[in-house]
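As a plain string of letters, each chain reads:
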Amino acid sequence: MSSTLAKIAEIEAEMARTQKNKATAHHLGLLKARLAKLRGGGGGPGEGFDVAKTGDARIGFVGFPSVGKSTLLSNLAGVYSEVAAYEFTTLTTVPGVIRYKGAKIQLLDLPGIIEGAKDGKGRGRQVIAVARTCNLILIVLDVLKPLGHKKIIENELEGFGIRLNSKPPNIGFKKKDKGGINLTATCPQSELDAETVKSILAEYKIHNADVTLRSDATADDLIDVVEGNRVYIPCIYVLNKIDQISIEELDIIYKVPHCVPISAHHRWNFDDLLEKIWDYLKLVRIYTKPKGQLPDYTSPVVLPYSRTTVEDFCMKIHKNLIKEFKYALVWGLSVKHNPQKVGKDHTLEDEDVIQIVKK
């Protein structure tokens, strides 16, 4: 066991011993900062684990051995991942690609994100690097023992700087050369005070900075902003093996947020799962229309919802296209008139039709 691991274990033990209350909040905040520093951010690129990013989106599948993850992957994609009846078999990611609503979606198995991977044990590091590039993470759970597994996997992913189903904390943070720590809070704070903020920043050897808390923030939120290498990824919990539970239990599961009950083996409820995947990916499909022809509805250009300008569209097709770009004609929800003449900064909506006019 390396010294870093020993230190991590020591701090975790101390945090477990410490009662949570106003008086200890400051001390816990410090311990959390120390822990985050020891763990470091996400893993480096892994050997033998670089997956070319083909397709329009990438989904990572995480789950304990024998929860039916491989069955789900192969039944969704017809990817043949060697499924053995014993644990710990899937060691490399076999990417499968499914086409759904015209988008090419890459399915990745992320093996071995189980206890200890974030402390550098096993092949964890490489898997993490890949996990951080996913647009959506599916945590596959056995419906008969979901909660224990769910907590462990979430803790693992958290430790790699992956935040599930959450938005970046609303905290302004700007380092300066002088002037000390300047703290402004635009709303009441239940956990952070000037002293705690100062000591957390001191852990990072930051003594001059402007910090603005725009929501009721926790020590973890502040650490995330200072570390700055966090990724925010939506997540769906897939509860497998529903053929083993009663209808009443199924009704309860349906009400849990971010959850989809399925049976990988019987292929039950896959359509629900795909719909939810589509909702969470928030992809935008743009159809192209060559001059004087009908739009091509079979192969849309698919953009992530954060980058949907006409310029983003051009870049996705070819990086030289923007140099020849004169204007575009757009039909669809993003325009008032059909067609409408737009420039490169115009933001497109799902299922718009576009025709590029070159210089």
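- Under an unreviewed UniProt entry, the chain has the name Developmentally-regulated GTP-binding protein 1 and belongs to Propithecus coquereli.

1. Comments concerning the overall build of the chain
Phase 1 of the analysis: Regarding its fold elements, the chain presents 11 helices and 16 strands.
Phase 2 of the analysis: Burial analysis of the chain (359 residues in total) assigns 47% to the buried set.
Phase 3 of the analysis: Considering only contacts within the chain whose residues lie at least 6 apart along the sequence, 67% involve residues at least 24 apart.
Phase 4 of the analysis: Of the roughly 18600 Å² of accessible surface on the chain, 53% is carried by carbon and sulfur atoms.

2. A short note on the packing of aromatic side chains
Phase 1 of the analysis: A complete count under the given rule lists two aromatic pairs for this structure.
Phase 2 of the analysis: An angle of 65° between the planes, with centres 6.0 Å apart, marks the rings of Tyr100 and Trp278 as edge-to-face. With Tyr100 in strand 2 (residues 96–100) and Trp278 in helix 9 (residues 270–281), this pair connects stretches of sequence that are 178 residues apart.
Phase 3 of the analysis: On the basis of relative accessible area, Tyr100 is assigned to the buried category, the value being 16%.
Phase 4 of the analysis: When the centroid spacing of 4.8 Å and the interplanar angle of 70° are considered together, the rings of Tyr287 and Tyr297 count as edge-to-face.

3. Considering helix 10 (residues 310–317)
Phase 1 of the analysis: Buried within helix 10 we find Val310, Phe313 and Cys314. Burial along helix 10 is one-sided: seen end-on, the buried residues are contained in an arc of 100°.
Phase 2 of the analysis: Where the residues of helix 10 are buried, they touch strand 12 (283–288), strand 13 (296–304), helix 11 (321–324), strand 14 (325–331), strand 15 (340–342) and strand 16 (352–358).

4. A look at the sheet that holds strand 3 (residues 103–109)
Phase 1 of the analysis: The strand order across the open sheet formed by six strands is 2-3-1-4-10-11, and the pairing between neighbours is mixed. The open sheet terminates on both sides in strands that have one partner only, identified here as strand 2 and strand 11 (259–261). In this sheet, adjacent strand axes meet at a mean angle of 25° when their direction is disregarded.
Phase 2 of the analysis: As judged from the six bridges shared by strand 4 (residues 136–142) and strand 10 (residues 235–240), these two strands associate in the parallel manner. Note on strand 10: the bridge partner recorded for Asp142 is Asn240.
Phase 3 of the analysis: Packing against the sheet, helix 3 (residues 69–77) makes contact with strand 1 (57–63), strand 2, strand 3, strand 4 and strand 10, and its axis sits at approximately 150° to strand 1.
Phase 4 of the analysis: Along the sheet, helix 9 contacts strand 1, strand 2, strand 3, strand 4, strand 10 and strand 11; its crossing angle with strand 10, the most-contacted strand, is approximately 170°.

5. With respect to the environment of Lys344
Phase 1 of the analysis: Of note, Lys344 is situated in the loop between strand 15 and strand 16.
Phase 2 of the analysis: Through-space distance from the C-alpha of Lys344 to that of Ile322 is 8.3 Å; in sequence the pair is 22 residues apart.
Phase 3 of the analysis: Excluding residues within four positions of it along the chain, Lys344 makes contact with Thr309, Val310, Glu311, Ile322 and Phe325.

6. Section: the pattern of salt bridges
Phase 1 of the analysis: Applying the stated rule across the entire model yields 17 salt bridges.
Phase 2 of the analysis: In this structure, the salt-bridge partner of Glu154 is Lys151, at a minimum N-O distance of 3.3 Å. Note that Glu154 and Lys151 are positioned in helix 5 (residues 146–159) at a spacing of three residues, about one turn of the helix.
Phase 3 of the analysis: Connected via shared salt-bridge partners are Glu158, Arg163, Asp224, Glu227 and Arg230.

7. As for the environment of Gly292
Phase 1 of the analysis: For Gly292, the position within the fold is in the loop between strand 12 and strand 13.
Phase 2 of the analysis: Residue Gly292 is classed as exposed on the basis of its relative accessible area of 75%.
Phase 3 of the analysis: Placed 63 residues apart in sequence, Gly292 and Gln355 show a C-alpha to C-alpha distance of 10.0 Å.

8. Focus: the layout of surface pockets
The method is simple in principle: a probe with the dimensions of a water molecule rolls over the atoms, and the space it marks as empty is what remains.
Phase 1 of the analysis: Of the volumes computed, that of the largest pocket is approximately 810 Å³.
Phase 2 of the analysis: What lines the largest pocket is a set of 30 residues, among which Asn135, Tyr232, Pro234, Leu281 and Tyr305 lie closest to the centre.
Phase 3 of the analysis: Listed by contribution, the elements that provide at least two residues to the lining of the largest pocket are strand 5 (162–164), strand 9 (231–233), helix 9, strand 13 and helix 10.
Phase 4 of the analysis: Considered class by class, the residues forming the lining of the largest pocket number 14 nonpolar, six polar and 10 charged.

9. Considering the sheet that holds strand 7 (residues 181–185)
Phase 1 of the analysis: Spatially, 6-8-7 is the arrangement adopted by the three strands of the open sheet, whose pairing is mixed. Across the chains shown, the open sheet's two edge strands, defined by having one partner strand only, are strand 6 (171–175) and strand 7. Taken pair by pair, the neighbouring strands of this sheet meet at an average axis angle of 5°, ignoring direction.
Phase 2 of the analysis: Sheet topology places strand 6 next to strand 8 (residues 209–213); five bridges connect them, and they run antiparallel. Directly across from Lys174, in strand 8, lies its bridge partner Asp210.
Phase 3 of the analysis: The strands touched by helix 6 (residues 194–203) are strand 6, strand 7 and strand 8; relative to strand 7, the strand with the most contacts, the crossing angle is about 135°.
Phase 4 of the analysis: Contacts from helix 7 (residues 219–227) reach strand 6 and strand 8, with the element oriented near 45° to strand 6.

The rules behind the values
- Residues numbered from 1 in each chain as written.
- Predicted model: local features only at pLDDT ≥ 70, side-chain atom pairs only at ≥ 80, totals over all residues.
- Heavy atoms only, no water.
- Helix = DSSP H or I, 4+ residues; strand = E, 2+ residues; numbered from the N terminus.
- Buried < 20%, exposed > 50% of the residue type's maximum accessible area, 1.4 Å probe, protein only.
- Contact = heavy atoms within 4.5 Å.
- Areas by Shrake-Rupley, 256 points an atom, 1.4 Å probe, with all protein chains shown as cover.
- Phe/Tyr/Trp six-rings, centres within 6.5 Å; stacked < 30°, edge-to-face > 60°.
- Arc of directions from axis to C-beta.
- Pairing = 2+ DSSP bridges.
- Axes fitted to C-alpha atoms, helices over the stretch in contact; angles between N-to-C directions.
- Salt bridge = Lys/Arg side-chain N within 4 Å of Asp/Glu carboxyl O.
- 1 Å grid on protein atoms, 1.4 Å probe; cavity = no way out; pocket = protein on both sides within 12 Å on 5 of 7 lines; lining within 4 Å.
- Points joined across faces, edges and corners; volume = space filled by probe spheres on them.
- Nonpolar A, V, L, I, M, F, W, Y, C, P; charged D, E, K, R; others polar.

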